[in-house]
Amino acid sequence: TAAKPASRGAFIVLEGVDRCGKTTQASLLIKHLVGLGLAAVAMRFPDRTTMVGDLINQYLQSKSELDDRAVHLLFSANRWEAAPALRKTLIDDGANIICDRYAHSGVAFSSSKPSLEDNLDWCRACDVGLPAPDAIIFLDIAQEEAEQRGGYGGERYEKKEMQQRVRKRFSQLQEMDEKDGRIPWFIVNAAQTIEEVQIEINEIVEKTVEKVQSEEQPVGLLWK
Ligand code: FDM
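Rules used in this analysis
- Residues numbered from 1 in each chain as written.
- Predicted model: local features only at pLDDT ≥ 70, side-chain atom pairs only at ≥ 80, totals over all residues.
- Helix = DSSP H or I, 4+ residues; strand = E, 2+ residues; numbered from the N terminus.
- Rg over C-alpha atoms; globule rule 2.2 N^0.38 Å.
- Buried ≥ 20, exposed ≤ 12 C-beta atoms within 10 Å, placed from the backbone.
- Contact = placed C-beta atoms within 7 Å.
- UniProt positions renumbered as here; feature names shortened; annotations may be inferred.
- Near = placed C-beta within 6 Å.
- Nonpolar A, V, L, I, M, F, W, Y, C, P; charged D, E, K, R; others polar.

A short note on the overall build of the protein chain
Counting its regular elements, the protein chain contains nine helices and five strands. When its helices and strands are written in sequence order, the protein chain yields β-α-β-α-α-α-β-α-α-β-α-α-β-α. Its C-alpha atoms give the protein chain a radius of gyration of 17 Å, within 12% of the compact-globule value 17 Å for 224 residues. On the principal axes, the C-alpha backbone points of the protein chain span a range of 50 × 35 × 35 Å. For the protein chain, buried positions account for 37% of its 224 residues. Of the contacts formed within the protein chain by residues at least 6 apart in sequence, a portion of 81% connects residues at least 24 apart.

Here is the structure:
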C-alpha cells in the first residue's frame, strides 16, 4: 500500500462568466504548480464524459429538452458521482485539484432561469455536503468586455441576458459565503492580460496550498 501523504491537497475552484478566461488560466495554473514540484490535477464541471454528463451535454447543445429542475439535479449528480474520486485525489494522493466550475456555477445558472429565480435555497440544497472548495477564484470581467472577446458560442446559456443574470447571482453567492465565513472568495480582474491574471492566481493558490498544508483541516462539507 502507498504511504499516506504528509498533507491533503487543496481544492481550488475557478468560477466566472463565459469568456472570462477560466479554462486558459486553469491549464496555466496546473503547469505552474507542477513546475513548483506540487502534484496538481485538473477537473471540470460539467464532466461530459460520464453517462450523466452525456445527458447534460445533449441538453446544453439543445439536442434534448429537460425540465429546469431535472437538469439542475443532473448537474448536481454529475458532481456527486465525481465526489469519491475528488476526495481520494485530495486525501489519499495528497494532490491539489484545480477545478473549472463547480457548485456555484450550478446554483448561479439554474437560479437565473425564470422558473427557479425565487428558489435559491432549493438550488443549493442538492449540493449541500459535497467536498467544499478551499478557495474560489472568481475571474471578474465586465459584460461588454467579455462580449468583445469573440462573442458567444452556440450553447444554450451563451446569451447576453442569461449571462447578465448569472453574474448577479455569483455576487449574491459570494455574499452568502462571506457571511458564512468558511469558503474564501478571491476576485481577480480578468480584463488584465493573460500574464497579469496568471500572476495573481498563482499567488492566491500558493497561499491557499500553504494554508491547507499548515492548518491540517479535513476537506470541508459544502454549505453544511
Ligand atoms: N453549468 C455548469 C450549469 O448550468 N450548471 C452547473 O452545475 C455547471 C457546472 O453549463 F453555461 C453551465 C455553465 C455553462 C455550461 O459549461 C457549460 P462549460 O464550462 O462551458 O463546459
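Still to come is the rest of the account.
Some details on unusual backbone geometry
Only a minority of non-glycine residues have a phi that is not negative, and only a minority of peptide bonds are not trans. A cis amide bond links Phe 45 to the next residue, Pro 46, at an omega of 0 degrees. Among the structural elements, Pro 46 can be located in the loop between strand E2 (40-44) and helix H2 (51-60). Here the phi dihedral of Ser 62 falls at roughly 60 degrees; this positive angle occurs in a residue that is not glycine. Summarising the element assignment, Ser 62 is placed in the loop between H2 and helix H3 (68-80).

A short note on the UniProt feature "domain: Thymidylate kinase-like" (unreviewed entry) in the protein chain
With numbering matched to this structure, UniProt assigns "domain: Thymidylate kinase-like" (unreviewed entry) to residues 14-201. Between the end C-alpha atoms of residues 14-201 there is a gap of 10 Å, over a span that is 51% helix and 13% strand.

Quick look at the site of the ligand
Around the ligand, the neighbouring residues are Phe 45, Pro 46, Leu 60, Phe 75, Arg 101, Ser 105, Gly 106, Phe 109 and Tyr 157. With three residues, helix H5 (residues 103-110) is the largest single contributor of residues to the shell around the ligand. Its residues assigned to classes, the shell around the ligand shows six nonpolar, two polar and one charged.

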